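Spelled out from the first residue to the last, the chains are:
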Amino acid sequence: MSECLYEKVEPGIALITFNRPERLNAWTGRMGEEYFSHIDTAVADPSVRVIVVTGAGKGYCAGADMGTLQAIPSGEAAKKPAREEKSIVEGRTQDEITRIPKPVISVVNGAAAGLGLVQSLMCDIRFAAESAKFTVAFSKRGLIGEYGISWALPRLVGQANAMDLMFSSRVIKAPEALAMGMVNKVLPDDQLMEFAMAYASDLAMNVSPSSIAVMKRQIYADYGNDVSRSTTEALRLMQESFTRPDFKEGVQSFLQKRQAEFPPVNPNI
């Protein structure tokens, strides 16, 4: 059985579901391979405009599978198939999601811990169930801030909160995560997916994919820029946007009071 499911949902949504519910969707090498393969499929498909990621059952992703972690000190990890070891030290990394041109929405339906939390933080938008819980976990396993969490977490919750969460590895509930800025919205458990899919559908149907791709790149790149450089680059990008069919369609659809019909994301932007 697949450890990570892929489904196309109209209009223009790819739904990726972590599928080890009996283990709270703990991350394995196989899951990692399937997840990034599905990401590649969604990015390559021009009909997909938004990617939604969630977990099956009661968990989102409880972090790296404990069996894999237990094998490391004993040297057993070296005996596992390469794909198992890669999920810990060599495989494709979660920061890759920040560089793809399509928006990725993390729908946190349950526990998100360790690597599972990092995966969610690297997505562009996060919606959480009221029952969801979050923990960095690494310090209580004798580990460090892995997989780029020391880059992502402070940018969302601020340095003081990041220090607290990373040092203590304490568990926080969804309302506290919302107050910190870790998630965009918290919803009743039975309303979570409906809200998330409606949000994704609005992006897919009413927003220019090329505009999203450029703005996503701007937001991540401008973390390291000063305001003058960001403004100068924005002026250049604005001039480019005037030459795209998306601009003409956006103006015409507004004037004609109709729904816009934007083309797929331009791979050359």
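Quick caveat: nothing in here was measured; it's all calculated off a predicted structure.

### Observations regarding the side chain of Lys102
And step 1. Within the secondary structure, Lys102 is located in the loop between α3 (82-90) and β5 (104-108).
And step 2. Here Lys102 sits buried without a salt bridge, and the closest side chain of opposite charge, Asp45, lies 6.0 Å off (N-O distance).
And step 3. A polar contact is formed between the side chain of Lys102 and the backbone oxygen of Val48, at a distance of 2.7 Å.

### Remarks on helix α11 (residues 245-255)
And step 1. Listed as buried for α11 are Asp246, Glu249 and Ser253. Viewed end-on, α11 has its buried residues packed into an arc of 65 degrees, placing them on one side of the element. Along α11, the residues that are exposed and aim more than 90 degrees away from the buried face are Lys248, Phe254 and Leu255.
And step 2. Against the buried residues of α11 lie α9 (209-221).
And step 3. One or two residues past the end of α11 sits Lys257, with phi positive at roughly 55 degrees.

### Some details on the sheet that holds strand β3 (residues 50-55)
And step 1. With respect to topology, six strands assemble into an open sheet ordered β1-β2-β3-β5-β7-β10, the strand pairing being mixed. The open sheet terminates on both sides in strands that have one partner only, identified here as β1 (4-9) and β10 (185-187). Here the average twist between neighbouring strands, direction ignored, is 20 degrees.
And step 2. Bridge count between strand β2 (residues 13-18) and β3: six bridges; the pairing is parallel. Of the residues in β3, the one forming a bridge with Leu15 is Val52.

### Points about helix α8 (residues 192-206)
And step 1. The terminal C-alpha atoms of α8 lie 21 Å apart, and with 15 residues this matches the ideal 21 Å at 1.5 Å per residue to within 8%.
And step 2. Of the positions making up α8, those classed as buried are Leu192, Ala196, Met197, Ala200, Ser201, Leu203 and Ala204. With its buried residues spanning 160 degrees around the axis, α8 presents them on a single face.
And step 3. Buried residues in α8 make contact with β1, β2, β3, β5, β7 (125-129) and β10.

Procedures and definitions
Residues numbered from 1 in each chain as written. Predicted model: local features only at pLDDT ≥ 70, side-chain atom pairs only at ≥ 80, totals over all residues. Heavy atoms only, no water. Helix = DSSP H or I, 4+ residues; strand = E, 2+ residues; numbered from the N terminus. Buried < 20%, exposed > 50% of the residue type's maximum accessible area, 1.4 Å probe, protein only. Lys, Arg positive; Asp, Glu negative; His and termini not counted. Salt bridge = Lys/Arg side-chain N within 4 Å of Asp/Glu carboxyl O. Polar contact = N/O pair within 3.5 Å; in protein donor to acceptor, adjacent residues only side chain to side chain. Arc of directions from axis to C-beta. Contact = heavy atoms within 4.5 Å. Pairing = 2+ DSSP bridges. Axes fitted to C-alpha atoms, helices over the stretch in contact; angles between N-to-C directions. Expected span 1.5 Å × (residues − 1).

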